[in-house]
Amino acid sequence: MTREPPVLSIRGLRKSFGAVEVLRGIDLDVQPRELVFVIGPSGSGKSTLLRCCNRLEEPSNGSIHFDGTDILSPRTDINAVRRRIGMVFQNFNLYPHMTAAGNVMLALRQVLKKDRREAEAIAGEALARVGLADKRGAYPNELSGGQQQRVAIARALALEPKAVLFDEPTSALDPELVGSVLQVMRDLRQAGMTMVVVSHEMGFARAAADRVVFMDQGEIVEQGPPDTVFGAPRHARTRAFVEQIVRH
Amino acid sequence: MSQWDRFAETFFNGAVMARYLPDIVAGFFVTVWLAVLVFLAGLALGLALALVRSLRVRPLNALIVLYVDLFRALPPLVIIVLLYFAMPNAGWSPSGFVATWLALTLVLSAFAEEIFWAGILAVPKGQWEAARSTGLGFAATLGWVVLPQAVRVTIPPLTNRTIAITKGTALGSVVAVSEILASAQTAVSFSFNPSPLMLGAAAYIVLFFPVVLFGRWVETRFAWKR
C-alpha cells in the first residue's frame, strides 16, 4: 500500500504574541480523509494552531505545507491557498447583510468568478448538504445558531476545499442545537473530508475522530486514537484534563 | 395700528416679500448648488481617507489623523476667511463660492472620515476573517463585506453631520456668495424691513426639511434587526 502524502504538514511551528509564546514547536501531520481532534485547556494554543494553518495568524517560526504548498513562503498566493482550506468559526461569522445563499455565493462569485447561475446552483447544493435547502433566502438573524453554523459550513464546502478547519464549532450553541451541527460534521467525515477540529465535544471525538491531539501550554503533549487518549492517557497532564472534562 | 398689525407689517410684509422673492429664490439655488457640491465632495473625500486609513500604514494614518483633528477643531468661518483673504497672497484667489465650498468640504470630509472609520472599526474582526478565509482579498473584503455593514451604522451620524455642515453655506454670506442668507440680508438693507429674513428662513426649511426626512427614511430603510 502506497502512503499518500499528508494534506497538512506542520513542522517546528512557533507563534509568539509579544513576549508570550503561544505555540512552542508544534509538529503535526494530517493525512487525507483523517479527522483530527485537538483538545486542551483554554490558552493551550489550539485555536492559534488552527489559525496559523491558513495564516489568519502569522507564525513566528517553523513551516506549514498544505497539499504540497509551502504556505509560509512569500511567493505563495495565500488567497489561492485559503480557498482550498475551509474554515468554520466559533461565532459563525456569517455576513449579516446577505442571505444564506448570498453568504455561500460571495466567494464563488468574487474569488472563483463563477457566473450567477452557476454560483446559485452550487450554493443550493451546499445548503442542501447541510440540510438547509429551504433556507437559502433567509438572513442570518432569521436563523437559529445551529442553522447559522450549518450555513457557515456550507459556505466553506461550496469552494470544494481539500480540508476544513473547525474552531470550536459548537461552543457558541445552545445544547439542543449542537446535534445538528455534529451530524453535518459526521456526514462530512463519511464523505471523506479531511478535518481538523478544535472542540470540547468529547462524545463526538470518541465516536468520530481518527486521532486526538492533546495540547497544553503551546505543545502537543500526547496524541493517539480517541480510546487511548481518553481511556488510558499516558501523561499526567492529559489525565488531569480528561478527568476534568469527563466529570463535567 | 394694533400690535399684531405692526408685527405683521415688520416681519411678514407682503409687498416687501413679493419684491425680493426672486432674489431669495436665486439665493436658494446658489445654496442648493453649494450644499450639493459640499455633500458630494466632503463625503467622497471622507470615505477615501477612511479607506486609506484602513490600510493601516503608520505615517499615512498619522497624517490623516492630523488632518482630521485640524479641520474638526477649526471653525468653518475661519477657514473660509483664510482661504478667501489669505490665499491671494499665496498666488491663488478663489471666488467666495469656491472658498466656501472648499472650506466646508474640508470640514465635512474630516468629520465624515472619523464617522466612516468608526463604522469600519465597528464591524467585528470575525467578518474580515471569515471573508479572508474564503480567499477574498483585502479590497474585496472591504468592498463586499465590511463597507456595506459599516455604512449602515454610519448613516445616522453622517446625516446629522452633513446637515449641520451644509447649513454652514450661510457663512458664504461673509465672502460675498449670494446664497440665501446674503440675498436676504441685502434685501433687508434695501427695504429697511426684516421680512426677507423670514423668506430666507422659509427657504432653509424648504431645503433642509426634506433632507432630514430623507435621512430618517434611509435610517429605517437600512436598519436591520440583529
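Residues numbered from 1 in each chain as written. Chains lettered and ligands numbered in written order. Predicted model: local features only at pLDDT ≥ 70, side-chain atom pairs only at ≥ 80, totals over all residues.

Regarding its fold elements, chain B presents nine helices and zero strands. Reading chain B from its N end, one meets helices and strands in the order α-α-α-α-α-α-α-α-α. For 226 residues, the compact-globule estimate of 2.2 N^0.38 gives 17 Å, and chain B exceeds it by more than 25% at 22 Å. Based on the C-alpha atoms only, the size of chain B along its principal axes is roughly 80 × 50 × 25 Å. Within chain B, the fraction of its 226 residues that count as buried is 36%. (Helix = DSSP H or I, 4+ residues; strand = E, 2+ residues; numbered from the N terminus. Rg over C-alpha atoms; globule rule 2.2 N^0.38 Å. Buried ≥ 20, exposed ≤ 12 C-beta atoms within 10 Å, placed from the backbone.)

On the side of chain B, 18 residues touch chain A, which itself brings 20 residues to the contact. Elements with a minimum of two residues in the side of chain A that touches chain B: α2 (78-82) and α3 (100-110) of chain A. Each residue belonging to the side of chain A that touches chain B can be placed in one class, and the counts come to ten nonpolar, seven polar and three charged. (Contact = placed C-beta atoms within 7 Å. Nonpolar A, V, L, I, M, F, W, Y, C, P; charged D, E, K, R; others polar.)

So, on to the packing of helix α5 (residues 145-157) of chain A against helix α6 (residues 175-190) of chain A. Residues and elements named next belong to chain A. Close contact between α5 and α6 brings their axes to 8 Å; oriented N to C, the two are set at 20°. Between α5 and α6, the angle is such that the two are roughly parallel. For the pair α5 and α6, the sense of crossing is right-handed. When α5 is examined against α6, the residues Gly 145, Gly 146, Gln 149, Arg 150 and Ile 153 are found in contact with a partner set consisting of Leu 177, Ser 180, Val 181 and Val 184. Looking at the contact of α5 with α6, its residues break down into four nonpolar, four polar and one charged. (Axes fitted to C-alpha atoms, helices over the stretch in contact; angles between N-to-C directions. Parallel < 35°, antiparallel > 145°, perpendicular 65-115°, else oblique. Left-handed = near helix turned anticlockwise from the far one by under 90°.)

All names here are of chain B. Considering the arrangement of structural elements, one finds Phe 39 in helix α2 (residues 14-54). In the structure, Phe 39 is positioned 126 residues away from Ile 165 in sequence and 8.7 Å away in space, judged by C-alpha atoms. Beyond its immediate chain neighbours, meaning those up to four positions away, Phe 39 contacts Thr 162 and Thr 166.

This brings us to the nonpolar core. All names here are of chain A. Of all hydrophobic cores here, the largest spans 126 residues; its most connected members are Phe 37, Val 38, Ala 123 and Ala 154. Both domain 1 (8-84 + 162-247) and domain 2 (96-160) contribute no fewer than three residues apiece to this core. Other than its neighbours up to four places away in sequence, Ala 154 contacts Val 104, Ala 126, Leu 127, Arg 129, Val 130 and Leu 132. (Core = buried A, V, L, I, M, F, W, Y, C linked by C-beta atoms within 7 Å. Domains from an automatic or database assignment.)

Residue and element names in this part refer to chain A. Partitioning chain A into domains gives domain 1 (8-84 + 162-247) and domain 2 (96-160). The C-alpha centroid of domain 2 is placed 25 Å from the C-alpha centroid of domain 1. At the interface, ten residues of domain 1 touch eleven residues of domain 2. The residue inventory of the side of domain 1 that touches domain 2, partitioned by class, reads seven nonpolar, one polar and two charged.

Our next topic: the sheet that holds strand β8 (residues 194-198) of chain A. All names here are of chain A. Spatial strand order, β6-β7-β8-β3-β9-β10: six strands in an open sheet with mixed pairing. A strand with exactly one partner marks an edge of an open sheet, and here the two such strands are β6 (85-88) and β10 (219-224). Between one strand axis and the next, the sheet turns through 20° on average, direction left out of account. Bridge count between strand β7 (residues 163-167) and β8: five bridges; the pairing is parallel. Bridge pairing links Val 164 to Met 195 in β8. (Pairing = 2+ DSSP bridges.)

All names here are of chain A. Along the chain, Glu 21 falls in strand β2 (residues 20-30). Since 16 C-beta atoms lie within 10 Å of it, Glu 21 is described here as partly exposed. Each C-alpha atom, one on Glu 21 and one on Cys 53, is 17 Å from the other, the two residues being 32 residues apart in sequence. Setting aside anything within four residues of it in sequence, one finds Glu 21 in contact with Arg 14, Ser 16 and Gly 218.

Quick look at the sheet that holds β2(A) now. Residues and elements named next belong to chain A. Ordered in space as β2-β1-β4-β5, the four strands form an open sheet in which the pairing is antiparallel. Unpaired on one side and paired on the other, β2 and β5 (69-70) mark the two borders of the sheet. Looking at chain direction, strand β1 (residues 8-17) and strand β4 (residues 61-66) are connected through five bridges and run antiparallel. If you follow Arg 14 over to β4, its bridge partner there is Asn 61.

Taking 1.5 Å of rise per residue, 27 residues should cover 39 Å, and helix α5 (residues 96-122) of chain B covers 39 Å from first to last C-alpha, within 8% of that figure. With 20 of 27 residues buried, α5(B) is to be regarded as a mostly interior element. (Expected span 1.5 Å × (residues − 1).)

To continue, consider the packing of α2(B) against helix α7 (residues 138-166) of chain B. All names here are of chain B. The interhelical angle for the contact between α2 and α7, taken along N-to-C directions, is 140°, at an axis separation of 11 Å. Comparing their axes, α7 and α2 come out oblique. At the point where α2 passes α7, the crossing takes the right-handed sense. Residues Ala 35, Val 38, Phe 39, Gly 42 and Ser 54 of α2 form the contact with α7, whose own contacting residues are Leu 142, Thr 162, Ile 165 and Thr 166.

Here the focus is unusual backbone geometry. The backbone of A:Lys113 shows a phi angle near 55°, a positive value even though the residue is not glycine. Mapped onto the elements of the fold, A:Lys113 is located in the loop between α3 and α4 (116-129). Phi at B:Phe192 takes a positive value of approximately 50°, unusual for a residue other than glycine. Taking the C-beta count within 10 Å as the criterion, B:Phe192 has 7 such neighbours and is therefore assigned exposed.

What follows concerns α4(A). Given 3.6 residues to a turn, an α-helix orients residues that are three or four positions apart in the same direction. Residue and element names in this part refer to chain A. The end-to-end C-alpha distance of α4, which contains 14 residues, comes to 20 Å, matching closely the 20 Å that a straight helix rising 1.5 Å per residue would cover. Buried within α4 we find Ala 119, Ile 122, Ala 123, Ala 126 and Leu 127. For α4, the arc enclosing every buried residue in end-on projection is 135°, short of the 170-degree limit, so these residues lie on one face. Opposite the buried face of α4, by more than 90 degrees, sit the exposed residues Arg 117 and Ala 121. Contacts made by the buried residues of α4 are with α3 and α5. One or two positions beyond α4, positive phi appears at Gly 131, with a value near 80°. (Arc of directions from axis to C-beta.)

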